[in-house]
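Take a look at the letters that make up each chain.
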Amino acid sequence: MSAELLSILALILMFVVATAFPVNLGALALVGAFLVGTLAAGMGTDDILGAFPGSLFVILVGVTLLFAIATNNGTVDWLVRAAVHLVRGRIVAIPLVIFAIAALLTAVGAPAPAVAAILAPIAYGFAAQYKIHALLIGLMVAHGTQAGAFSPISVLGGIVNGVTKEAGLPSSNLVLFLSSFAFNAAAAVIVFLMFGGPGLARRTVSDGPSEEEVAEETPADGTSGGSGASGGVLGASGGSGASGGGTATIARPEAGLRLTVHQALTLAGIVGLCAGVLAFKLDLGLTAVTVAVVLSLTSPKANKGAVERVAWPTVLLICGVVTYVGVLQEIGTIDWVGTHVAAIGVPLVVALLICYVGGVVSAFASTVGILGALVPLAVPFLSQGTLGPIAMIAALSVSSAIVDVSPFSTTGALLVANVRGMDRDVFYRKLLGYGAAVVVVGPLAAWALLVVPGWLG
């Protein structure tokens with residue numbers, strides 16, 4: 001049995017074991033990386049450890065630590081009240097505004113993980129306080145970041161357009177951007193309908209002169225979780241944020257908009273993080289850790305216990321799986337799969353399978369890396385002229401990016417790590433199910449709507 005095939009079977013076995021037993025999948029993946037890399041591929045320990053995503057680890061720890069501090073000192077709650085005030089109490093507008101802001105930021109060049117890292121904790125504050133389904137608000141962040149991710153001045157758009165140009169293939173910035181935006185906007189509409197969006201239209205936050213508060217019933221689907229621990233794929237997971245009671249109090253938006261000194265400093269730190277990452281291209285993880293440490297030094301008592309609120313089981317889960325995928329790439333499993341797919345010879349079938357390779361692999365790895373590898377791999381196939389290159393590149397790009405809702409991608413990992421208003425293990429399982437559905441449907445829809453019409457025409 002080849003090392004490539006063995007590595008794929010080992011990955012499947014890990015998911016089965018992690019589902020059947022309360023063992024952290026990330027720990028299993030690290031063991032798998034060690035055994036497969038050493039025994040099947042003859043890799044050295046340094047090469048295996050070199051696949052560990054150090055940058056992603058620092059991002060997860062830094063961002064969750066910073067927003068744990070912001071939660072402890074009330075800054076996140078202040079942002080919730082301020083945002084609801086801006087939308088004049090219309091709760092239904094909150095998910096839509098989050099989607100629009102995420103799409104705008106990535107369209108003007110901000111990396112999708114950076115936007116997700118900044119917006120997700122704030123968006124979850126809205127969800128926890130105003131009883132918006134955590135999956136609704138989280139997926140609005142994820143799909144919003146991907147909606148603008150292929151603009152001509154974005155990171156992903158620049159990569160795809162650059163590779164296409166170097167290969168001498170025709171390209172269209174507009175088709176690429178609009179394809180990604182349309183697919184993610186459609187996904188956002190589906191998410192809005194699935195997770196209680198229409199019901200939000202009947203709810204408002206009181207903005208009258210009185211101090212009365214509005215009580216909303218807690219949804220019966222588990223969107224409010226306690227702080228207990230639970231076993232499962234994560235191994236151990238604590239909920240955060242919302243109370244487990246039957247009602248939640250929603251204060252009128254103007255109440256409590258005055259900032260304390262610590263909240264003002266934290267807000268300045270978050271703004272500084274945004275400016276540093278988006279304008280000055282500073283490293284997201286290291287900048288977040290720096291801001292968190294500075295805030296901890298300014299108010300040790302107020303920020304006590306923030307480190308314990310970092311989602312360590314999630315960090316282990318994501319980093320372990322990404323390490324294993326890095327070993328797969330080092331072994332050559334990804335290229336092996338792509339080569340066998342391209343050898344089939346039936347153009348439409350090859351196009352569909354390439355889209356699925358991009359979607360499945362990107363769900364566990366870097367979208368940037370996958371597009372950088374698969375677009376050149378598809379060039380010889382596209383050069384034959386059987387299928388339209390513009391439509392095929394757009395379909396491959398959509399297939400590889402829309403699956404970033406997977407909890408194993410950087411964006412999905414940030415959604416799990418920062419969730420409020422729902423038990424983290426419950427959220428992880430629901431996001432895993434949604435992500436799996438997107439991996440199955442997304443590439444097929446991109447192929448059917450972009451590639452097939454061009455071939456028929």
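The structure displayed is predicted, hence computed values, not measured ones.

Conventions adopted
- Residues numbered from 1 in each chain as written.
- Predicted model: local features only at pLDDT ≥ 70, side-chain atom pairs only at ≥ 80, totals over all residues.
- Heavy atoms only, no water.
- Helix = DSSP H or I, 4+ residues; strand = E, 2+ residues; numbered from the N terminus.
- Buried < 20%, exposed > 50% of the residue type's maximum accessible area, 1.4 Å probe, protein only.
- Contact = heavy atoms within 4.5 Å.
- Areas by Shrake-Rupley, 256 points an atom, 1.4 Å probe, with all protein chains shown as cover.
- Phe/Tyr/Trp six-rings, centres within 6.5 Å; stacked < 30°, edge-to-face > 60°.
- Axes fitted to C-alpha atoms, helices over the stretch in contact; angles between N-to-C directions.
- Parallel < 35°, antiparallel > 145°, perpendicular 65-115°, else oblique.
- Left-handed = near helix turned anticlockwise from the far one by under 90°.
- Nonpolar A, V, L, I, M, F, W, Y, C, P; charged D, E, K, R; others polar.
- Core = buried A, V, L, I, M, F, W, Y, C linked by side-chain atoms within 4.5 Å.
- pLDDT = per-residue confidence, 0-100.
- Salt bridge = Lys/Arg side-chain N within 4 Å of Asp/Glu carboxyl O.
- Patch = residues over 30% accessible without salt bridge, like charges linked within 9 Å, V, L, I, M, F, W, Y side chains within 5 Å.
- Expected span 1.5 Å × (residues − 1).
- Polar contact = N/O pair within 3.5 Å; in protein donor to acceptor, adjacent residues only side chain to side chain.

Which parts of the structure should I look at to understand the overall build of the chain?
Within the chain, the secondary structure is distributed over 20 helices and four strands. Residues counted as buried form 54% of the 457 residues belonging to the chain. Across the chain, the fraction of contacts at a sequence separation of at least 24, relative to all contacts at a separation of at least 6, is 82%. In the form shown here, the chain has an accessible surface area of approximately 18300 Å², with 69% of it arising from carbon and sulfur atoms.

Would you mind going over the packing of aromatic side chains with me for this structure?
The geometry of an aromatic ring pair is captured by the separation of the ring centres together with the interplanar angle, meaning the angle of the planes. Going through the model one piece at a time under the given rule, you end up with five aromatic pairs. On the numbers, 6.1 Å between centres and 50 degrees between planes, the contact of F52 with F57 is tilted. Through a chain of ring-to-ring contacts, three or more aromatic side chains come together here, namely F99, F177 and F181.

How should I be thinking about unusual backbone geometry in this particular structure?
With glycine set apart, most residues show a phi of negative sign, and most peptide bonds adopt trans. Phi angles above zero are rare outside glycine, and K131 is one such case at about 55 degrees. Relative to the helices and strands, K131 resides in the loop between α7 (112-130) and α8 (134-147). Using a relative accessible area of 11% as the deciding quantity, one classes K131 as buried.

Looking at this structure, I do not really get the packing of helix α6 (residues 93-107) against helix α10 (residues 173-194). What am I missing?
Two quantities define a packed helix pair, namely the angle between the helix axes and the distance between the axes. Viewed as axis vectors pointing N to C, α6 and α10 meet at an angle of 160 degrees, and their least axial separation amounts to 12 Å. When the interaxial angle is binned, α6 and α10 end up roughly antiparallel. Along this stretch, α6 crosses α10, giving a crossing that reads as right-handed. Across the interface between the two elements, L96, F99 and A103 of α6 pack against F181, N184, A185, A188 and F192 of α10. Counted by class, the contact of α6 with α10 contains seven nonpolar, one polar and no charged residues.

Would you take a moment to explain the nonpolar core for this structure?
Nonpolar side chains in soluble globular proteins generally cluster together in the buried interior. Ranked by internal contacts, the top residues of the largest apolar core, which has 136 residues, are L60, Y324 and F427. Here the element with the most residues in this core is α7; it accounts for 13 residues. Setting aside residues up to four positions removed in sequence, Y324 forms contacts with S7, A10, L11, M14, A29, G32, A33 and V36.

How should I be thinking about the confidence of the model for the chain in this particular structure?
Low pLDDT means the predicted coordinates in that region are not meant to be read closely. Summary statistics for the chain give a mean pLDDT of 78 and a share of 79% for residues scoring 70 or more. Below a pLDDT of 50 lies the segment residues 207-232, which in the model reaches 66 contacts outside its immediate sequence neighbourhood of four places, other chains included. Confidence drops under a pLDDT of 50 for residues 236-255, and excluding neighbours within four residues, the segment shows 72 contacts in the predicted structure.

Would you mind showing me how to read the pattern of salt bridges here?
Opposite charge on two side chains permits them to pair, given that their charged atoms come into close proximity. Scanning the model with the defined rule gives one salt bridge in all. For R429, the salt bridge goes to D425, with nearest N and O atoms at 3.5 Å. With R429 and D425 both in helix α20 (residues 424-456), this residue pair falls four residues apart, about one helical turn. The class of R429 is partly exposed, set by a relative accessible area of 38%. You can call D425 buried: its relative accessible area is 5%.

Would you take a moment to explain the environment of G42 for this structure?
Within the secondary structure, G42 is located in the loop between α2 (25-40) and α3 (45-50). For G42, a relative accessible area of 61% puts it in the exposed group.

Teacher, can you tell me more about a nonpolar patch on the surface here?
Residues L30, F52, F57, V307, W312 and L316 make up a contiguous nonpolar surface patch of roughly 480 Å² in combined accessible area. Along the chain, the position of V307 falls in the loop between α13 (284-298) and α14 (312-331). Residue classification places V307 among the partly exposed residues on the basis of a relative accessible area of 47%.

Is there a simple way to explain the environment of G197 in this structure?
Following the sequence through the fold, G197 ends up in helix α11 (residues 197-200). Ignoring sequence-local partners within four residues, the contact set of G197 consists of V92, L136 and F192.

Please clarify how α10 should be interpreted in this entry.
Taking 1.5 Å as the rise per residue, α10 with 22 residues should run 32 Å; its terminal C-alpha atoms sit 32 Å apart, in good agreement. Taken as a whole, α10 has its buried residues at L176, S179, S180, F183, N184, A187, A188, V191 and F192. Positive backbone phi, approximately 85 degrees, marks G196, located one or two places after α10.

Which parts of the structure should I look at to understand helix α18 (residues 389-401)?
Owing to its 3.6 residues per turn, the α-helix aligns residues three or four sequence positions apart on the same side. Relative to the 18 Å expected for 13 residues at 1.5 Å per residue, α18 spans 18 Å between its end C-alpha atoms, a close match to the ideal helical length. The set of residues buried in α18 consists of P389, M392, I393, A394, A395, L396, S397, V398, S399, S400 and A401.

Help me understand the side chain of S409 in this model?
Mapping S409 onto the fold places it in the loop between α18 and α19 (410-418). A polar atom in the side chain of S409 sits 2.9 Å from the backbone oxygen of S406. With near-sequence residues (within four places) excluded, S409 lies in contact with S362, A363 and D404.

Help me understand the environment of V261 in this model?
Within the element layout of this structure, V261 appears in helix α12 (residues 261-278). The class of V261 is exposed, set by a relative accessible area of 61%. For V261 and N73, which are 188 residues apart along the polypeptide, the C-alpha to C-alpha distance reads 10.0 Å.

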